[in-house]
Amino acid sequence: MTEHVTTALDAGILTVTLARPDKKNALTNAMYGVLADALQRAETDPAIRVVVLQGDGDSFTAGNDLADFAAQSQGLHKGERHVLRFLDGLARATRPLVAAVQGNAVGVGTTMLLHCDLVYVADTARLTTPFVNLALVPEAASSLLLPARIGYARAFAMFALGEAVDAATAVAIGLANAVVPQAELRARARAAAETLAKRPLGALAHTKALMRSTDAIRAQMDREGAIFQERLKSAEAREAFTAFAERRQPDFSKVTG
Ligand code: COA
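Residues numbered from 1 in each chain as written. Predicted model: local features only at pLDDT ≥ 70, side-chain atom pairs only at ≥ 80, totals over all residues. Heavy atoms only, no water.

Asker: Quick question: what am I supposed to make of the site of the ligand here?
Answerer: Around the ligand sit 15 residues, and of these Lys23, Ala62, Asn64, Leu66 and Arg247 come closest. Within the side chain of Arg247, a nitrogen or oxygen atom sits 2.7 Å from an oxygen atom of the ligand. About the coverage of the ligand: the protein hides 66% of its 870 Å² of free accessible area. Here the shell around the ligand is composed, by residue class, of 7 nonpolar, 3 polar and 5 charged. (Near = heavy atom within 4 Å. Polar contact = N/O pair within 3.5 Å; in protein donor to acceptor, adjacent residues only side chain to side chain. Areas by Shrake-Rupley, 256 points an atom, 1.4 Å probe, with all protein chains shown as cover. Nonpolar A, V, L, I, M, F, W, Y, C, P; charged D, E, K, R; others polar.)

Asker: For this particular structure, what's the right way to read the side chain of Thr110?
Answerer: Residue position: Thr110 is located in helix 4 (residues 108-111). A relative accessible area of 2% places Thr110 in the buried class. A polar contact of 2.7 Å, which involves the side chain of Thr110, links it to the backbone oxygen of Ala105. Residue contacts for Thr110: discarding those within four places in its chain leaves Ala105, Leu127, Thr128, Thr129 and Met158. (Helix = DSSP H or I, 4+ residues; strand = E, 2+ residues; numbered from the N terminus. Buried < 20%, exposed > 50% of the residue type's maximum accessible area, 1.4 Å probe, protein only. Contact = heavy atoms within 4.5 Å.)

Asker: It is not clear to me how helix 3 (residues 82-92) should be interpreted in this structure. Could you clarify?
Answerer: Residues lying three or four places apart along an α-helix face the same way, a consequence of the helix completing one turn every 3.6 residues. Of all the positions in helix 3, only His82, Val83, Phe86, Leu87, Gly89, Leu90 and Ala91 are classed as buried. On its buried face, helix 3 is in contact with helix 1 (29-44), strand 4 (97-101), helix 4 and helix 10 (214-232).

Asker: Before we go on, may I ask you to explain helix 1 in this structure?
Answerer: In this model helix 1 runs 23 Å from its N-terminal to its C-terminal C-alpha over 16 residues, within 8% of the 22 Å that 1.5 Å per residue would give. Along helix 1, the residues that are buried comprise Asn29, Met31, Tyr32, Gly33, Val34, Leu35, Ala36, Ala38, Leu39 and Ala42. (Expected span 1.5 Å × (residues − 1).)

Asker: In this structure, what is going on with the packing of helix 3 against helix 10? I would like to understand it.
Answerer: Helix packing for two helices is described by the angle between their axes and how far apart those axes are. Contact pair helix 3 / helix 10: the axes reach a minimum separation of 9 Å and the direction vectors enclose 160°. Regarding the angle of helix 3 to helix 10, the classification is roughly antiparallel. The chirality of how helix 3 crosses helix 10 is right-handed. Contacts between helix 3 and helix 10 involve Leu87, Asp88, Ala91 and Arg92 on the former and, on the latter, Thr214, Ile217, Arg218 and Met221. When grouped by side-chain class, the residues that make up the contact of helix 3 with helix 10 number 4 nonpolar, 1 polar and 3 charged. (Axes fitted to C-alpha atoms, helices over the stretch in contact; angles between N-to-C directions. Parallel < 35°, antiparallel > 145°, perpendicular 65-115°, else oblique. Left-handed = near helix turned anticlockwise from the far one by under 90°.)

Asker: How do you make sense of the sheet that holds strand 9 (residues 178-180) when you look at a structure like this?
Answerer: The strands making up a sheet associate through backbone hydrogen bonding, with each pair oriented either parallel or antiparallel. With respect to topology, 6 strands assemble into an open sheet ordered 1-2-3-4-6-9, the strand pairing being mixed. The sheet is open, and its two borders are formed by strand 1 (5-10) and strand 9, each paired with just one other strand. Averaged over all pairs of adjacent strands, the angle between strand axes in this sheet comes to 20°, irrespective of strand direction. Across 6 bridges, the pairing between strand 1 and strand 2 (residues 13-18) is antiparallel. Residue Ala8 lies in a different strand from strand 2, and its bridge partner there is Thr15. Packed onto the sheet, helix 1 meets strand 1, strand 2, strand 3 (50-55) and strand 4 and runs at close to 20° relative to strand 1. Strands strand 1, strand 2, strand 3, strand 4, strand 6 (118-122) and strand 9 of the sheet are contacted by helix 8 (residues 185-198), whose axis makes an angle of about 165° with strand 6. (Pairing = 2+ DSSP bridges.)

Asker: Sorry, what's going on with the packing of aromatic side chains here?
Answerer: Two measures describe an aromatic ring pair: the distance that separates the ring centres and the angle between the ring planes. Counting across every chain of the model gives 5 aromatic pairs. Ring plane angle 10° and centroid distance 6.0 Å describe the contact between Tyr152 and Phe156, whose orientation is recorded as stacked. Placement of both Tyr152 and Phe156 in helix 6 (residues 152-161) is noted, with a separation of 4 residues, approximately one turn of the helix. Residue class for Phe156 comes out partly exposed when judged on its relative accessible area of 46%. Of the aromatic side chains, those joined through ring pairs into one cluster are Phe69, Phe228 and Phe241. (Phe/Tyr/Trp six-rings, centres within 6.5 Å; stacked < 30°, edge-to-face > 60°.)

In structure tokens:
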């Protein structure tokens, strides 16, 4: 399934493209595997100075594949969960990460942006983190990073009400650097990456490390992950995933826990 994420290295820039547009770039375990490998490669390959994250089609990503979540909730998923490697890679990245975001960025589609150093959004961008309505909890250290970035009130409304943030608001509240017309989105992200690629890598890496506490981020990911795993198996989550598959709103009135 590696064709659902492509990578290309050119002039010091590793461009990682989510390429499953018919499913709004929803992320499967295999796709997380390729993303995790790309971040790992960026740390070890001296030819890579910057990583660009982008998505094909009308959405950046609809977040975790909900069929994968449903399988995990029923204990059907076997083998390594690459999402954990991907999140660890985001937490530990020393290379600058640049994101180009159009359309929907749901769940991890938004929370991964909190680990990107520059974020460009198309005017179509719509950032959402509807974890609570999926009976889940925030991940990717977003329970720490999102309130720190945009304030508790707005962060809670995003997590618990599923309130969407549009492109202009994303810039206004510090989730993104600039809004650009969709047709110019990739060129803008690429131009920023090219500038970063010319900067001294050591100074960039230290600057990034000074601005982020990897230990605190890792610790919060572990706290979130333990609860997230329990939540995935809850009756509430089963109702949420069944509702998505049946194209209806979930009804939590009869399920608890
Ligand atoms: N997991 C699996 N499949 C997904 C998906 C996801 N997270 N998001 C979208 N898809 C699939 C849909 O099932 C649909 O498949 P189909 O064509 O085989 O029926 C296809 O992608 C297109 O999605 P659709 O809902 O028709 O597109 P839309 O433009 O009306 O809405 C979204 C786009 C992203 C708003 C909507 O798909 C959505 O809310 N997805 C779920 C997002 C989510 O809750 N993610 C988890 C966050 S933790």
